[in-house]
Amino acid sequence: MHRFRLLLWIWPLFTLALLAYGLHVALTVPPDADQGDVGRILYYHVPTWVATLFCFLTNLICSIVYLVTRGSFPKISLRVDALAVASAEMGVVFCFLGMATGSLWGRPVWGIWWTWDARLTATLVLWLIYVSYLVLRNFAVGNGMRTLAAVVAIFAYCDVPIVYMATRWWRTQHPAPVFFGGPGSSVAPNLLPAVQWNIFAWLAWGMLVVGIRYAAERRRQTAEQNFAAQALEAIA
Amino acid sequence: MTLISAAASIFPYDPKIDSVMDHQHLVIAYCLTWFVHLCYLGYVSRKWYAAKNQKP
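Remember, predicted model here, so these are calculated numbers, not experimental data.

Caption draft 1: Molecular detail of the environment of A:Ala201. Structurally, A:Ala201 is set in helix H7 (residues 192-235). Classification of A:Ala201 by C-beta neighbours within 10 Å gives buried; the count is 25.

Okay, structure coming up:
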């Protein structure tokens, strides 16, 4: 318990240090040979998408675990449900920023803010589906809502592979994948640290904020359970 | 706006390779990212305090 409390103090400091170093590296590496300094937007854009995918994957896993455990292990199911909503919210924030930074990069480089190509459209649909998931969670209550939300989350995640593969399956305005995109698809070696450090930094930030949101949701669930128990006692 | 102007000075800008719009978009992208994340952190912290002080 003592070690856990120590981690609660160390993790935010560690995250802030990573973010500060990530920002420093992003602003000090040499400019991109083709794009100039505007290419530095990608040092925030790419990590934002990596964090988005991690958040939505966490949401998917938690939703599946919730559906499996909701009948037999109610305590576990409530915990994973809290983690599901926390990761979905963080994912929606990252997804929005991914689209916004992409748009801010696209205007000077492509000459357009937005285009309805497969990658961008699928991404917008992904964001809208997860916003709908959060709206559902806010406007309904109880175990029925949790089950329905878990099912929606599984369907929502089906769009993630489509977003990732869109640049390979269709001709799009969006560049081809930078990572895992086959030979010659990686970032120039001198620019790689800026991408990598910011991926670590924003993942650490995501874990920190999801942790706080998870704690808040757990407290809310406990208060809700206590309220229900007291109401039952009063009736009895 | 003043904050963005102050922040703009720390972002690299070389008139030989960058246009004014390039620089503006670079500054806005970084400031927007931090602004949105800090706003969301504020929202999450508020939720946490509200849940902490919630009476059963």
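After that view, the rundown keeps rolling.
Caption draft 2: Local environment of the interface of chain A and chain B. If you look at the interface, chain A gives 28 residues, while chain B gives 30 residues. No other element matches the twelve residues that H7(A) contributes to the side of chain A that touches chain B. Partitioning the side of chain A that touches chain B into residue classes produces 18 nonpolar, four polar and six charged.

Caption draft 3: Broad picture of the packing of helix H3 (residues 74-110) of chain A against H7(A). Residues and elements named next belong to chain A. Look at H3 against H7: their axes get within 8 Å of each other, and the N-to-C directions meet at 135 degrees. The angle between H3 and H7 falls in the class oblique. With respect to the hand of their crossing, H3 and H7 are arranged in right-handed fashion. Judged by residue contacts, Leu78, Ala82, Leu83, Val85, Ala86, Ser87, Glu89, Met90 and Phe94 of H3 engage Gly206, Val209, Val210, Arg213, Tyr214, Glu217, Arg218 and Gln221 from H7. Here the residues of the contact of H3 with H7 are counted per class, giving ten nonpolar, three polar and four charged.

Caption draft 4: Spotlight on the confidence of the model for chain B. In this model, chain B carries an average pLDDT of 85, and 89% of its residues clear a pLDDT of 70 or more. Across the assembled chains, the prediction reports ipTM 0.89 with pTM 0.90.

Caption draft 5: View of helix H5 (residues 142-157) of chain A. All names here are of chain A. An ideal rise of 1.5 Å per residue puts 22 Å on 16 residues; H5 measures up with 23 Å between its terminal C-alpha atoms. Considered for burial, the residues of H5 that qualify are Arg146, Ala149, Ala150, Ala153 and Ala156. Looking straight down H5, one finds that the buried residues subtend no more than 125 degrees of arc, so they occupy a single side. Exposed residues on H5 whose side chains face more than 90 degrees from its buried face are Gly144 and Phe155. Packing partners of the buried residues in H5 comprise helix H2 (42-69), H3, helix H4 (118-139) and helix H6 (159-169).

Conventions adopted
- Residues numbered from 1 in each chain as written.
- Chains lettered and ligands numbered in written order.
- Predicted model: local features only at pLDDT ≥ 70, side-chain atom pairs only at ≥ 80, totals over all residues.
- Helix = DSSP H or I, 4+ residues; strand = E, 2+ residues; numbered from the N terminus.
- Buried ≥ 20, exposed ≤ 12 C-beta atoms within 10 Å, placed from the backbone.
- Contact = placed C-beta atoms within 7 Å.
- Nonpolar A, V, L, I, M, F, W, Y, C, P; charged D, E, K, R; others polar.
- Axes fitted to C-alpha atoms, helices over the stretch in contact; angles between N-to-C directions.
- Parallel < 35°, antiparallel > 145°, perpendicular 65-115°, else oblique.
- Left-handed = near helix turned anticlockwise from the far one by under 90°.
- pLDDT = per-residue confidence, 0-100.
- Expected span 1.5 Å × (residues − 1).
- Arc of directions from axis to C-beta.

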